[in-house]
Amino acid sequence: MSSRGCERRYCSSSSQNVRGAAQTDVVMMTSGLTSTTTELPIVGPFDLRDIAMMGFGHRDEHSFDGVMRMAFCMDGDYERQVGVAAQQVGDRLELKVQSLGDPLSDTEVEALRRQVARVVSLDHDGEAFHQLCLSDPVLAPVHMKAPGFRPALFYSPYEAALWSIISARRARGQGITLRARMSELYGASFELSGTATLCVPTPSALLEIESISGLPADRISRLRAVAQAAQRGVLDADRLRAMAPEDAQAELQQLPGIGPFYSSLIVIRACGHADAPTVGEPRSQAAIQQAYGTDHELTDAELLALAETWRPWRTWVSVMMRALAA
C-alpha cells in the first residue's frame, strides 16, 4: 500500500537494519541515466509523509503525493549524483533510483541504501524509540500525534555544510532560492515521478564556480573550502559519526564560515546520530519547556539533565518535540 494508506498507522518488520534482504534490479538505461530499484526494511512505526513534510533546510514541501523525492551526491567522495523516488509499501520503503553514467555497482547500491536509510532515520530501531516515548507521560501524547514521525536529515555532511554557507544570515526562503540557482547552473536535475528534482554540484564542480548571482564573493571561497574538505574526507559521514559529537563539531569549525551553530547542524542533523544531546536550539528548547510546564527558560545544564531520561534517543526526542509539540 502507498504511504498515504500507511498514514498514522503502525508499520513494522522483523528486519533489524538496512542490510536485510532487498531486491535490486537495473531497469533501463536511457539518455545517460540508469534506473535501478531497491528497497529498505521498516522497523517500528514509520510514516513517510510525516518525514517528507517535516520541512527543514532546503526541503519545503507543501503537499505529499505518496513519493519522497531526493537528489544528492553519494557518500564517499560525493562525486556521484543520484535521484531517488521513495515510496512506502507496507513494511518496506521502495526506492526508484536514477544515476548518471554507468549503472551503480552492488557496492554503490548498498552505500546508497545506507545513505537513504540515514536520511529518513531507518538506520535505527524505531520500535525501541516508540516504546521509550510510550513509557514517558510527557513524551507519549506528543509522540502519538504522529507515531510514524522520525527526523529527516540532510543528505550528507557535505550537503549540510553547503546549506550552512548559502543560508547564513538570510531568510530560509532566500537560501532555498540560492541553492536551487546553484544546482540548476552547476549541479544536476532528475525527473522523479514526474517532478524535476535538483541535486547540488559535486565537489569538483563546486571548485569551478566563479560566482553565483545573489551570493557574496566571500561565500564562494567558503563553498570551495567545503569542496576541498569533502575531497580530503573531512566531511565523510561515517568518519564524523564515529567521533564524539563535540570533537567533530570542533574540527568542523576550522572551516571558514562554520561556527558553533552550523557545526552542530552538520553533526547532529546530517550524520545520523540518535542520541547526541542538543542545546542552543531555541525552537526545540521552547517546545520542551512548554511540554514539561517549566516556569522559566531552561539553562543548557537543566536541559541536558532533563534529556537524560530520553537516552538513547536524545536527538530524536529533541527533533520530535520541535516538530510536533506545538
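So, here is what we can say about the structure in this document. The model shown is predicted, which means the values in this text are computed figures rather than measured ones.

Turning our attention to the pattern of salt bridges. Where charged atoms from two side chains of opposite charge come close, those side chains can pair. Scanning the model with the defined rule gives 18 salt bridges in all. Ionic pairing is found between D60 and R172, a salt bridge with its closest N-O pair at 3.7 Å. With a gap of 112 residues between them, D60 in the loop between helix 1 (48–52) and strand 3 (68–73) and R172 in helix 6 (residues 172–186) connect regions that are remote in the sequence. Judged by relative accessible area, which is 34%, R172 ranks as partly exposed. Because the salt bridges share partners, they merge into one network encompassing D275, E308, R311 and R314.

Once that is clear, we can look at the packing of helix 12 (residues 282–292) against helix 14 (residues 314–324). Interaxial distance between helix 12 and helix 14 falls to 8 Å at its minimum, and their mutual angle equals 80°. When the axis of helix 12 is compared with that of helix 14, the two are roughly perpendicular. Across from R283, S284, A287, I288, A291 and Y292 in helix 12, the residues of helix 14 making contact are S318, M321 and R322. Considering only residue class, the contact of helix 12 with helix 14 consists of five nonpolar, two polar and two charged.

Before going further, it helps to examine the pairing of strand 6 (residues 188–192). Only one face of strand 6 is buried: it carries A188, F190 and L192, and the other face, with S189 and E191, is open. In this sheet, strand 7 (residues 195–199) lies alongside strand 6 in antiparallel orientation, the contact comprising five bridges. Of the residues in strand 7, the one forming a bridge with A188 is C199. Connecting strand 6 to the next strand, strand 7, in antiparallel fashion are two residues, including S193 with a positive phi near 50°.

Definitions and limits used
Residues numbered from 1 in each chain as written. Predicted model: local features only at pLDDT ≥ 70, side-chain atom pairs only at ≥ 80, totals over all residues. Heavy atoms only, no water. Salt bridge = Lys/Arg side-chain N within 4 Å of Asp/Glu carboxyl O. Helix = DSSP H or I, 4+ residues; strand = E, 2+ residues; numbered from the N terminus. Buried < 20%, exposed > 50% of the residue type's maximum accessible area, 1.4 Å probe, protein only. Axes fitted to C-alpha atoms, helices over the stretch in contact; angles between N-to-C directions. Parallel < 35°, antiparallel > 145°, perpendicular 65-115°, else oblique. Contact = heavy atoms within 4.5 Å. Nonpolar A, V, L, I, M, F, W, Y, C, P; charged D, E, K, R; others polar. Pairing = 2+ DSSP bridges.

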